[in-house]
Amino acid sequence: MPLLGDVVGHKKIKERLKSALAGRVNHAYLFGGPVGVGKKTIGLAFARALLCRRGRGDACGECDDCVRSERGVHPDLHIIRPEGASIKIHQLRAVQDGAAITAFGSGRQVFLVEQVEKMTLAAANCFLKILEEPPSGVVFILVTDDPARILPTVRSRCQQYRFTPLSGEEVLQVLANTGTGAEYDADSTRVAAALSGGCPGRALAMLSGPDKRGAMLELLMRLVRERPGSAFTPVEELAERENLAEFVNYAIPFFRDVLIWQTTGSAELLINVDRHSYIVELAGTYAKHEVMDILITAEKAFDRLASNVNQRLVLDFLLFKITGLGNDDRG
């Protein structure tokens, strides 16, 4: 569990939180932003500072409270996570009961709620009652990927912080700080950072989890090499909406790389540097205007999937473009 000062990026948010620690602490904070951007990391660092009896503006990192927080055994730090698909009312009733108990150490209790948007309506209404009459010495830190899904009455009772993506260099710094960068070759680390969208958690997942990008790019190359007949081949790997969204997410920067290679002939600006041979192959397969058509179609597909449009239609139109059968601008 880091100190606030050690967390990479989010400078303005850290400054505001440090000012609160040195002055007046609110009873509830809402941290919202993309998956993996660092909301929970900041939340835990803030919680550690709130429980530290020595620090002013940040945790000292040395006192008993800081040591307990670091080990995840501080009796006044409570983490609430979804049970299954949601946060249930019995969890919030337990929070309500726990908040009424006198703090063990510093006089504060901190409740950090992960994925707060997954509260059931009953749980959210129970939590609203707690926020309306907050117990003395209790601080709530709510972490969410989607603030719009939280009851407006809950949001309005929190100080809200919007987390934005980090720069590519900051993502690389996070990877280096966690030691992850040293475990992988430079190309893989650079690709993960570039494709993370400024979210270190995503980069870490790409490096340490299953190679979904590799699988999706292999599928893309198979579709290209077997075209035009591949447009009519059932693609089982893309049967699920989530898998299709991943395919589109990886296809967009990949075809962007193809266009850059066609335009410059240089690998300096490529994202998928570890798939250079594929990029060269596709650059020789498609004309520039075809690559542009595929990029536009893929970007439309991404937007349509987010708006819950018929998945099969989205997939068919994208496949037709990739395989050279979709030469008009319908859709």
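Q: I'd like to hear about the overall build of the chain, residue by residue, with values.
A: Within the chain, the regular secondary structure consists of 14 helices and five strands. Its C-alpha atoms put the chain at 70 × 40 × 30 Å along the principal axes. The buried share among the 331 residues of the chain stands at 46%. Across the chain, contacts joining residues at least 24 apart in sequence account for 73% of those joining residues at least 6 apart. Element-wise, carbon and sulfur atoms account for 51% of the exposed surface of the chain, whose accessible area totals about 16,100 Å². In the chain, which carries 40 positive and 40 negative side-chain charges, the distance between the mean positions of the two groups comes to 6 Å.

Q: Explain the environment of alanine 239 residue by residue, including any values.
A: With respect to the helices and strands, alanine 239 occurs in the loop between helix 10 (212-225) and helix 11 (241-264). By relative accessible area, alanine 239 is classed as exposed at 53%. With 105 residues separating them in the primary sequence, alanine 239 and proline 134 have C-alpha atoms 47 Å apart.

Q: Let's hear about the packing of aromatic side chains: which residues, and what values?
A: In the structure shown here, the tally under the stated rule is nine aromatic pairs. Judged by centre distance (5.5 Å) and plane angle (85°), the rings of phenylalanine 31 and tyrosine 161 are edge-to-face. Residue phenylalanine 31 is located in strand 1 (residues 28-32), and its partner tyrosine 161 is located in strand 5 (residues 159-162); the two are separated by 130 residues in the primary sequence. Across the pair, tyrosine 161 and phenylalanine 31 agree in class, each one buried. Here phenylalanine 254 and phenylalanine 255 contribute two aromatic rings whose centre-to-centre distance is 6.4 Å and whose plane-to-plane angle is 85°, an arrangement assigned as edge-to-face. Of the two residues, phenylalanine 254 and phenylalanine 255, neither departs from the other in class, the shared state being buried. Through a chain of ring-to-ring contacts, three or more aromatic side chains come together here, namely Tyr29, Phe31, Phe46, Tyr161 and Phe163.

Q: Lay out the side chain of glutamate 114 with the relevant residues and their values.
A: If you trace the backbone, glutamate 114 turns up in the loop between strand 3 (109-113) and helix 5 (121-132). Side chain to side chain, glutamate 114 and lysine 40 meet in a polar contact 3.0 Å long. Among residues more than four places away in sequence, those in contact with glutamate 114 are Lys40, Ile79, Ile80, Arg81, Pro82, Ile87 and Val143.

Q: I'd like to hear about helix 7 (residues 168-178), residue by residue, with values.
A: All of the buried residues along helix 7 are Val171, Val174 and Leu175. All buried residues of helix 7 fall inside an arc of 100° around its axis, so they share one side. Those residues of helix 7 that are exposed and angled more than 90 degrees off the buried face are Glu169, Ala176 and Asn177. Buried residues in helix 7 make contact with helix 8 (186-195) and helix 9 (200-208). Backbone geometry just after helix 7 places glycine 179 at a positive phi near 85°.

What counts, and at which threshold
- Residues numbered from 1 in each chain as written.
- Predicted model: local features only at pLDDT ≥ 70, side-chain atom pairs only at ≥ 80, totals over all residues.
- Heavy atoms only, no water.
- Helix = DSSP H or I, 4+ residues; strand = E, 2+ residues; numbered from the N terminus.
- Buried < 20%, exposed > 50% of the residue type's maximum accessible area, 1.4 Å probe, protein only.
- Contact = heavy atoms within 4.5 Å.
- Areas by Shrake-Rupley, 256 points an atom, 1.4 Å probe, with all protein chains shown as cover.
- Lys, Arg positive; Asp, Glu negative; His and termini not counted.
- Charge placed at Lys NZ, Arg CZ, Asp CG, Glu CD.
- Phe/Tyr/Trp six-rings, centres within 6.5 Å; stacked < 30°, edge-to-face > 60°.
- Polar contact = N/O pair within 3.5 Å; in protein donor to acceptor, adjacent residues only side chain to side chain.
- Arc of directions from axis to C-beta.

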